[in-house]
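Now for the letters of each chain:
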Amino acid sequence: MKPFPLLRMAAALALTVAVAPAHVEGQGTAEPLRTEDQLRSARLELRRTDGGAFEGRAWEQILRDGERAQFFVFGEQHGIAEILELAAALHSELAKRGYTHTAMEVGPHSTEKVEKLIRSGPGALETYLKGADRGWLFPFLGWKEEVRLAEQYVRLSPSRDALWGIDQEFVGSAPILIELLAARQKNSAQRAALAQLTAAAAANPQLVRDFRSFDLQPLTDAFRKDPRALRIIEDYRLSGEIYGPFTVPGSNRYGANLTRENYMKRNFAAAFAKAEREEGRPPKVFLKIGANHAMRGFSATMVPALGNFLAEWGEPRGHAPLTVMVDCIAGPAGSPCQPYFGTDHAIYASASSDKYTAFDLRPLRAQLRSLGGLDAKTRDLIQAFDYYVLIRDVSRATPVRPRPAAASPPATPQATGKK
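The rules we used
Residues numbered from 1 in each chain as written. Predicted model: local features only at pLDDT ≥ 70, side-chain atom pairs only at ≥ 80, totals over all residues. Heavy atoms only, no water. Phe/Tyr/Trp six-rings, centres within 6.5 Å; stacked < 30°, edge-to-face > 60°. Helix = DSSP H or I, 4+ residues; strand = E, 2+ residues; numbered from the N terminus. Buried < 20%, exposed > 50% of the residue type's maximum accessible area, 1.4 Å probe, protein only. 1 Å grid on protein atoms, 1.4 Å probe; cavity = no way out; pocket = protein on both sides within 12 Å on 5 of 7 lines; lining within 4 Å. Points joined across faces, edges and corners; volume = space filled by probe spheres on them. Nonpolar A, V, L, I, M, F, W, Y, C, P; charged D, E, K, R; others polar. Pairing = 2+ DSSP bridges. Contact = heavy atoms within 4.5 Å. Axes fitted to C-alpha atoms, helices over the stretch in contact; angles between N-to-C directions.

Draft legend 1. Representation of the packing of aromatic side chains. A complete count under the given rule lists 19 aromatic pairs for this structure. Ring geometry for Phe74 against Phe286: centres 6.4 Å apart, planes inclined by 25 degrees, an arrangement best described as stacked. Placement of Phe74 in strand 4 (residues 71-76) and of Phe286 in strand 7 (residues 284-290) is noted, with a sequence separation of 212 residues between them. The class for Phe286 is buried, based on a relative accessible area of 0%.

So this is what it looks like as structure tokens:
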């Protein structure tokens, strides 16, 4: 019996390896690049002109790759003016390349309110936000740069539903819940339940954060024959469940983080399906979210991230995401920069001295085995994002209205900025 072809091939390969000559110095391949050199080789130039426009190889390459993608995931550190300026510039260009919708790290019901305000007239959203007791109504929109960006999302979109809210409702958004249910109330039981909710919200501006200690059952009972109202109430109940562990020091927050991330995935998939159904084609979506949510694989909170879902869910349909992480380089004392993943990782140390440094991380993935001694954070970054952008000498975003001195930030993932 003749040997199987695969066996003959294996034998030949083994013989070849056995008789291969040993490497002789001065012959064969060159010495591999050091880890630091490999990281620096991934750098791409990104600069800003005197007129404020971005240019350079990184800019051109990110836009080209973004045009090919279905989802552009802008993973950021919140509240930094220069990061928001970069987001605005990228979105403006991508809108010319087929991007029609924007997914925001805001609750779905609050986002509907935001879009209605924007469409009601120039400056309407900012005027509304300047009203009393609205500081905790919408996350992140307390900064003027964020307001301008939300207005741009709507202005440059051909869709009537330009904004997708995919996160939980914010700590101070009980007035939105009251407004939505008030528009649906029809009887005395519903009015009584709403009066109870209104009084509680007046006493506690961050009531949604504390919904675990507020009895929502009267509302559920009063609106039991209204499926839409029940859906709204359930979304707010779930938001309170997510916030709950963050109000108790030392509590285990894994379940809350997992619930939140899964909620974001469900909201995104539902919004995508609705837009695809109504518009007759898969929408191209710009997502501006915290970098933790944007990661492939597990986030820093050790739950499967939204960015990973986009990659896995989109792959069978040919809907690839492009993920760009934008961070800052810490400056002198008083700087608003708190690097998202800290400063103790090799890529951070490999940034140039320029204002902007961009890295194309994708070629580095194939080299991970040869990057000896590479720290875990850099490995995670390389695997989690396609591009990594660092910005020096950053400034804080501009508040829409000064926060009262007595106000304290909510004990939530949003308050940390590292989600």
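Draft legend 2. Looking closely at unusual backbone geometry. Of note in this structure, Met302 is not a glycine but carries a positive phi near 65 degrees. Inspection of the secondary structure assignment puts Met302 in the loop between helix 13 (291-294) and helix 14 (306-314). Within the chain, Asp393 stands out as a residue other than glycine whose phi angle is a positive 55 degrees. Position of Asp393 among the secondary structure elements: in the loop between strand 10 (387-391) and helix 18 (413-416).

Draft legend 3. Spotlight on empty space enclosed by the protein. By the definition in use, this model includes 3 cavities of 30 Å³ or more. One number sums up the size of the largest cavity: a volume of about 100 Å³. Contributing to the lining of the largest cavity are 14 residues, with Met104, Glu105, Phe140, Glu146 and Lys288 lying nearest its centre. Elements with a minimum of two residues in the lining of the largest cavity: strand 5 (99-104) and helix 7 (144-155). The residue makeup of the lining of the largest cavity, split by class, is 8 nonpolar, 2 polar and 4 charged.

Draft legend 4. Highlighting the sheet that holds strand 1 (residues 43-44). Within the open sheet, the 8 strands sit side by side as 1-9-10-8-4-7-5-6. Their pairing is mixed. Each edge of the sheet is formed by a strand with only one pairing partner; in this case those strands are strand 1 and strand 6 (163-165). Each of strand 5 and strand 6 touches helix 5 (residues 108-119); the most contacted strand, strand 6, lies at about 155 degrees to it.

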